[in-house]
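Residues per chain are reported as follows:
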Amino acid sequence: MIHAADVREWRNRIVVDSESHKIGVLEAVYVDTTTDEPAMATVRTGLPTRHRLVFVPLDDAIVGPDYLRVGYVRTLVKQAPSIGTDDVLPAEQEEAVFKHYGLPYKSGAAGERQLARR
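Not measured: the values here are computed from a predicted model.

The subject of this paragraph is the nonpolar core. Ranked by size, the top nonpolar core spans 17 residues in total, and within it V15, L26, V56, L58, L68 and V77 carry the most contacts. Of all the secondary-structure elements, those providing two or more residues to this core are β2 (22-32), β3 (38-45) and β4 (52-57). Looking at this core, the element that brings in the most residues is β2, giving three residues. Excluding its chain neighbours within four sequence positions, the residues that come into contact with L26 are W10, R11, N12, R13, V15, A41, T42 and L68. By size, the runner-up hydrophobic cluster in this structure holds 10 residues, among which are A28, Y30, L53 and V97.

Structure below.
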């Protein structure tokens, strides 16, 4: 299990896919608001002058000495919903991230977000 206290150390690590292909660099970790456990990460991809942040689930992530391996292939991750490097994921687009990976989405009873950035 990944511990929430460890995620602060992951920033700027290289993120690789399940086949060890580089996806990008870890930008931020998002926790599930109901459990406070790491659920998603944003990965900085693209050209140096045109970066964007794509979302990837951390359910099968493995932390190495200088990398974070996620359980999804690079092409799927790079096609995931994205935001600009200075943007915030709008609440109404949060469900699309989960659907992209075939994961269930559950907002709070009063419509609260499922993800919170750490």
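Across the eight residues that make up β3, a large majority, six, are buried. The sheet contact formed by β2 and β3 spans six bridges and is antiparallel. Each bridged residue has a counterpart across the sheet, and for V29 the counterpart in β3 is A41. Where β2 folds back on β3, the antiparallel hairpin that results is connected by five residues, among which D36 adopts a positive phi of roughly 60 degrees. By the bridge criterion, six bridges tie β3 to β4 in an arrangement that is antiparallel. Looking across to β4, one finds that M40 is bridged to P57. In textbook terms, the turn of a hairpin is the stretch between consecutive antiparallel strands, and for β3 and β4 this stretch comprises six residues, one of which, G46, has a positive phi near 100 degrees.

Right, let's get into the pattern of salt bridges. Tallied over the full model, the rule gives four salt bridges. Across the pair R113 and E94 runs a salt bridge whose closest N-O atoms are separated by 3.3 Å. Here R113 is found in the loop between α2 (94-100) and β8 (115-117), whereas its partner E94 is found in helix α2, with 19 residues between them in sequence. By relative accessible area, which is 30% here, R113 ends up partly exposed. Residue classification places E94 among the buried positions, given a relative accessible area of 0%. The partner of E95 in a salt bridge is K99, and the shortest N-O contact between them spans 3.7 Å. Placement of both E95 and K99 in helix α2 is noted, with a separation of four residues, approximately one turn of the helix. On the accessibility criterion, E95 (36% relative accessible area) is partly exposed. The class for K99 is exposed, based on a relative accessible area of 59%.

What follows covers the confidence of the model for the protein. Regions with low pLDDT should not have their predicted coordinates read in detail. The predicted model of the protein averages 86 in pLDDT, with 90% of residues at 70 or higher. Here β8 is the element of the protein with the lowest mean pLDDT, 85, and strand β1 (residues 14-16) is the one with the highest, 96.

Reading the values: rules and limits
- Each chain has its residues counted from 1, running along the sequence as written.
- Whole-chain, interface and lining totals are the exception, using all residues; otherwise, since this is a predicted model, local features are given only for residues with pLDDT of at least 70 and side-chain atom pairs are given and counted only at 80 or more.
- Working from all heavy atoms in the structure, the side-chain values ignore hydrogens and water.
- Residue types Ala, Val, Leu, Ile, Met, Phe, Trp, Tyr and Cys, when buried and joined through side-chain atoms within 4.5 Å, form a set referred to as a nonpolar core.
- The cut-offs for exposure are 20% and 50% of the maximum accessible area for each residue type, with area from a 1.4 Å probe on protein chains only; residues under the lower value are buried, those over the upper are exposed, and the others partly exposed.
- Strands here mean DSSP runs of E at least two residues long; helices mean DSSP runs of H or I at least four residues long; both are numbered from the N terminus.
- Contact definition: two residues touch when any of their heavy atoms are within 4.5 Å.
- Strand pairing requires that DSSP identify at least two bridges connecting the strands.
- Think of a salt bridge as a Lys or Arg side-chain nitrogen and an Asp or Glu carboxyl oxygen that are within 4 Å of each other.
- pLDDT is a per-residue confidence score from the predictor, ranging from 0 to 100.

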